[in-house]
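Examining the three-dimensional arrangement
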Amino acid sequence: MLDCSTLKVNLKRIKSDILTLAEIGQNHEDRGIYRMAFTDADMEGKRWLSDRIEDAGLALSTDGAVNISGTLNGSTDQPRILVGSHIDTVPCAGALDGTLGVVVGLECLRRMHEEKVVPQRTLELIAFSDEEGRFGGMFGSQSVAGKINPERLATMSDLDGVLLGDEMRRHGYDPLAALDAARDPETIANYLELHIEQGPVLDRSHKPIGIVDEITGLFTWSVWLRGEANHAGTTPMDMRNDAFMGLADFAHEVPRILEENGSDRSRATIGKAQILPGAANTVPGLVEFSLDVRDTSEVVLEELSSAFRKALSAIARRRNLMFEFEQKSYLSPVACSAEVVQQLQKQSEQLGLDYHTMPSGAAHDAQIMGSIVPIGMVFVPSKNGQSHSPAEWTAWSDIEAGANVMLQTLAKLSQR
Ligand SMILES: [Zn+2]
């Protein structure tokens with residue numbers, strides 16, 4: 001058995017794969033990539049990836065959710081290790097979000113295969129469908145995790161009302177087959193994902209590697225504060241039920257609520273607000289706004305939820321407003337496997353790479369996979385923290401470092 005500890009990725013090949021895939025779906029005016037799930041460009045990307053998997057001598061397969069896999073068979077039938085991410089993009093995307101994790105996973109398996117390494121556990125590269133959310137997000141990983149049902153399949157649509165089912169049929173796939181993509185968690189030992197950080201922490205601290213210990217959960221609310229619309233000139237200041245002033249009070253209290261009820265990993269954002277009726281000479285009668293709250297602990301999220309509710313009720317009372325809210329989404333936080341985290345740390349140290357152990361503030365396929373199997377995630381720095389834009393970039397040297405950590409970790413985890 002060959003000693004894998006000296007095995008390194010081929011950066012030239014990673015570069016070429018990233019730059020070639022970046023041309024698929026690229027708009028030459030704004031330089032952005034438009035490879036949204038199940039568009040023609042996305043399908044072309046899937047075909048390109050399938051060809052690379054076959055060129056590498058890996059076993060190509062596609063499941064019912066059109067997740068693309070490349071498999072390097074192990075010498076035993078012990079549960080396999082999955083490594084992957086996604087190649088679909090948001091509109092006007094950069095070249096690395098998702099794609100990097102898929103290309104790196106492919107390179108790791110390709111390197112092992114060309115060095116004739118036979119792992120004990122089967123290694124499988126997987127590129128998940130619609131992570132970015134044209135049809136809601138994480139469709140591929142949710143299918144694998146068994147979280148899709150026929151009703152959702154029949155109703156999932158994009159912002160233009162195009163049904164996922166129709167798009168899948170247009171490309172020759174039966175949407176109901178996505179139900180067959182569900183895997184038995186007993187057949188999977190780990191899911192690993194390398195991803196760009198999409199935030200400023202690693203870039204600012206000049207560390208090439210981020211090792212994720214927890215992925216944040218979140219809840220989002222729509223909130224309504226209802227007062228009374230009235231004439232801006234004839235209504236004295238002390239006789240108003242000004243809905244906007246309620247929002248202003250609340251916004252001001254957000255940092256205090258996080259300090260008192262949150263953790264240093266808590267985030268809260270009012271990203272969208274509408275003042276109605278929306279006239280310069282009218283006291284606002286209604287504000288509708290969004291609240292996005294994140295933390296890595298379910299208990300903290302619970303406490304924040306109750307603190308925000310109390311604060312809004314108190315403000316509504318004080319300002320003579322009515323308060324209502326509706327929870328729009330909830331995603332549980334997921335802890336990464338302590339064993340995988342330790343292995344990633346150990347391999348980074350052995351490669352002489354400085355790393356930072358950190359939470360992931362963004363949701364990834366790993367979060368969904370983490371609900372059924374132990375997971376691990378590696379981050380590489382995003383220049384200026386930029387992502388979801390053509391400005392998204394990571395230094396090639398950091399990409400090489402992250403890829404080598406992934407290769408060594410896969411080699412180690414597959415030999416148990
Ligand atoms: Zn992504």
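Residues numbered from 1 in each chain as written. Predicted model: local features only at pLDDT ≥ 70, side-chain atom pairs only at ≥ 80, totals over all residues. Heavy atoms only, no water.

Moving on, we come to the coordination of the zinc ion. Distances from the zinc ion to its protein donors, His86 (NE2), Asp97 (OD) and His195 (NE2), fall at 2.0 to 2.2 Å. All donors of the zinc ion come from a single chain, and their spacing in sequence reads H-x10-D-x97-H. A residue pair is termed long-range when its members are at least 10 positions apart, and His86 in strand S3 (residues 80-86) and His195 in strand S5 (residues 188-196) qualify at 109 residues. For His86, a relative accessible area of 0% puts it in the buried group. The exposure class assigned to His195 is buried, which follows from its relative accessible area of 1%. (Donors = N, O, S within 2.8 Å, 3.2 Å for Na, K, Ca; no water. Helix = DSSP H or I, 4+ residues; strand = E, 2+ residues; numbered from the N terminus. Buried < 20%, exposed > 50% of the residue type's maximum accessible area, 1.4 Å probe, protein only.)

With that settled, consider helix H9 (residues 298-319). Side chains of residues three or four places apart in an α-helix project in the same direction, reflecting 3.6 residues per turn. With 22 residues, H9 extends 32 Å from end C-alpha to end C-alpha; this agrees with the ideal 32 Å at 1.5 Å per step. Buried within H9 we find Val300, Leu301, Leu304, Ser305, Ala307, Phe308, Ala311, Leu312, Ile315 and Ala316. Its buried side turned inward, H9 meets strand S7 (217-226), helix H8 (243-261), strand S9 (267-269), strand S12 (286-295) and strand S13 (322-331). Asn320 sits one or two residues past H9 and shows a positive phi near 60 degrees. (Expected span 1.5 Å × (residues − 1). Contact = heavy atoms within 4.5 Å.)

Further remarks concern the pairing of strand S1 (residues 59-62). Regular strands place their side chains on alternate faces of the sheet. By the bridge criterion, four bridges tie S1 to strand S2 (residues 68-72) in an arrangement that is antiparallel. Across the sheet, residue Ala59 finds its bridge partner in S2, namely Thr71. Linkage of S1 to S2, two consecutive antiparallel strands, is achieved through a turn of five residues, within which Val66 is found at a positive phi near 60 degrees. (Pairing = 2+ DSSP bridges.)

Attention now goes to the side chain of Glu132. Among the secondary structure elements, Glu132 is positioned in the loop between strand S4 (123-128) and helix H4 (139-144). For the buried Glu132, no salt bridge is present, and the opposite-charge side chain at shortest range is Arg35, 9.2 Å distant. Here His388 takes part through its side chain, which lies 3.5 Å from a polar atom of the side chain of Glu132. Those residues within four positions of Glu132 in sequence are excluded, and the remaining contacts are His86, Asp88, Thr89, Val90, Asp97, Gly137 and His388. (Lys, Arg positive; Asp, Glu negative; His and termini not counted. Salt bridge = Lys/Arg side-chain N within 4 Å of Asp/Glu carboxyl O. Polar contact = N/O pair within 3.5 Å; in protein donor to acceptor, adjacent residues only side chain to side chain.)

Counted according to the given criterion, the structure contains eight aromatic pairs. Seen from their ring centres, Phe250 and Phe289 are 5.8 Å apart, and the 35 degrees between their planes marks the pair as tilted. Taken as a pair, Phe250 in helix H8 and Phe289 in strand S12 lie far apart in primary sequence, 39 residues in all. Of the residues examined, Phe289 reaches a relative accessible area of 3% and is grouped as buried. Both rings, one in Phe250 and one in Phe308, keep their centres 5.8 Å apart while their planes meet at 70 degrees; by these two values the pair is edge-to-face. Residue Phe250 is found in helix H8, and its partner Phe308 is found in helix H9; the two are separated by 58 residues along the sequence. On the basis of relative accessibility, which here comes to 0%, the residue Phe250 falls in the buried class. Under the relative-accessibility criterion, Phe308 is labelled buried at 0%. An aromatic cluster is built from Phe219, Trp221, Phe323 and Phe325, whose rings are joined through pairwise contacts. Taking NZ or CZ as reference, Lys46 lies 5.5 Å from the ring centre of Phe38, over its face. (Phe/Tyr/Trp six-rings, centres within 6.5 Å; stacked < 30°, edge-to-face > 60°. Lys NZ or Arg CZ within 6 Å of the ring centre and 35° of its normal.)

A word on the pattern of salt bridges. Summed over all chains, the structure comprises 24 salt bridges. The closest approach of N and O atoms between Arg265 and Glu214, which form a salt bridge, is 2.6 Å. One end of the pair, Arg265, is in the loop between H8 and S9; the other, Glu214, is in strand S6 (residues 209-215), with 51 residues separating them in the sequence. Here Glu214 falls in the partly exposed class, since its relative accessible area comes to 24%.

Bringing the UniProt feature "domain: Peptidase M20 dimerisation" (unreviewed entry) in the chain into the picture now. UniProt tags residues 217-318 as "domain: Peptidase M20 dimerisation" (unreviewed entry). Here residues 217-318 runs as 39% helix and 30% strand, with 32 Å between its end C-alpha atoms. (UniProt positions renumbered as here; feature names shortened; annotations may be inferred.)

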